[in-house]
Protein chains: 2
Amino acid sequence: MYERKILPNLNCGLDLIGEVLYGKWKLRLLWFIHEGYKRPSELQRKIPDASRRVLNIQLNELEAHELVEKKIYPVVPPKVEYSLTEFGQTLIPIISAMGNWGDEYEERLREVILKQL
Amino acid sequence: MYERKILPNLNCGLDLIGEVLYGKWKLRLLWFIHEGYKRPSELQRKIPDASRRVLNIQLNELEAHELVEKKIYPVVPPKVEYSLTEFGQTLIPIISAMGNWGDEYEERLREVILKQL
DNA sequence: ACAATAGGGGAAAAATTTCTCCCTATGCCA
DNA sequence: TGGCATAGGGAGAAATTTTTCCCCTATTGT
């Protein structure tokens, strides 16, 4: 486990939300779980560019932050399902708005992002 | 300048918005500029935990992504003012919603964030 | 002459995040 | 028997981001 050497800033609301959403794949993880992709392997298939390892780590963080819940079925092969907590649900409108914004300005965004490599 | 070795994912709206908002201080930079703190030194005072260097770097990125505009006054000592572009303005409702969410759940967030160090 | 001001950037170090590789375990199927 | 699927975690490397330190501009005031 990595130990932070610099404490996070928790001064304002933006700091706080940043702390739980900051992570390369977290927005999409939350979104896909919200869409009903519950099992780790499904999520990995939805986000093939992420390594399996980081997805696990970020799922653990989301769980520690009480945004998602994990249900482990004691079967073999193992079965695990994630779902949004009530708390996690409250983020959905925001994530949805973010996705919509990105979709709305897709072309422009692609352009400015690629322009600066 | 750092050269990416891994290309960013630009598959969906969430990827795209992530690409322009991902950066430790960007949300707050945009927010403070929106609130009228325009000069680099003002922004640095508003965000004292960030090093001056990164703020410059992230401001440059926001500018490259056309979210903010930079006006340089040819005077001595130098004077620079940032402002949101029209495009940048369109993000304000989202950033505002994010800040509100963080404020609303401030206590709970502080708790879960600190619990896992 | 020298400090203060305001803005900016290079280089290298430190911090952090993400990736790769390898190992665990069980049951099903060819 | 060998290989696949499912889930997860450790170690260490690689990639990326952020910090630290130092230097440069030009004018005004001491």
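What counts, and where the lines are drawn
Residues numbered from 1 in each chain as written. Chains lettered and ligands numbered in written order. Predicted model: local features only at pLDDT ≥ 70, side-chain atom pairs only at ≥ 80, totals over all residues. Heavy atoms only, no water. Near = heavy atom within 4 Å. Polar contact = N/O pair within 3.5 Å; in protein donor to acceptor, adjacent residues only side chain to side chain. Helix = DSSP H or I, 4+ residues; strand = E, 2+ residues; numbered from the N terminus. Contact = heavy atoms within 4.5 Å. Buried area = accessible area lost by both parts, 1.4 Å probe. Salt bridge = Lys/Arg side-chain N within 4 Å of Asp/Glu carboxyl O.

Caption draft 1: Region of the structure containing the protein's contact with DNA strand C. Close to DNA strand C lie 25 residues; Y2, K5, V54 and Q58 of chain A together with K70 of chain B are nearest. At the protein interface, 68% of the atoms of DNA strand C within 4 Å belong to sugar or phosphate. Within the side chain of S51 of chain A, an N or O atom sits 3.2 Å from a phosphate oxygen of DNA strand C. In the environment of DNA strand C, a phosphate oxygen lies 2.6 Å from a nitrogen or oxygen atom belonging to the side chain of K70 of chain B. If you list the elements that add at least two residues to the surface near DNA strand C, you get α4 (52-64) of chain A together with α3 (40-46) and α4 (52-64) of chain B. Among the elements that make up the surface near DNA strand C, the one with the highest residue count is α4 of chain B (4 residues).

Caption draft 2: Just the interface of chain A and chain B, in detail. If you look at the interface, chain A gives 49 residues, while chain B gives 49 residues. Each partner contributes to the roughly 4600 Å² buried at the junction of chain A and chain B, and carbon and sulfur atoms together form 68% of this total. A per-residue breakdown of the area chain A buries against chain B is headed by L14, F87 and W101 of chain A, which together make up 16% of the total. Joining chain A to chain B, the criterion identifies 6 salt bridges. Across the pair D15 of chain B and R28 of chain A runs a salt bridge, and its minimum N-O distance is 2.5 Å. One can count 18 residue pairs in polar contact (both at pLDDT 80 or more) joining chain A with chain B. Elements represented by at least two residues in the side of chain A that touches chain B include exactly α1 (13-21), α2 (26-35), α4, α6 (92-104) and α7 (106-115) of chain A.

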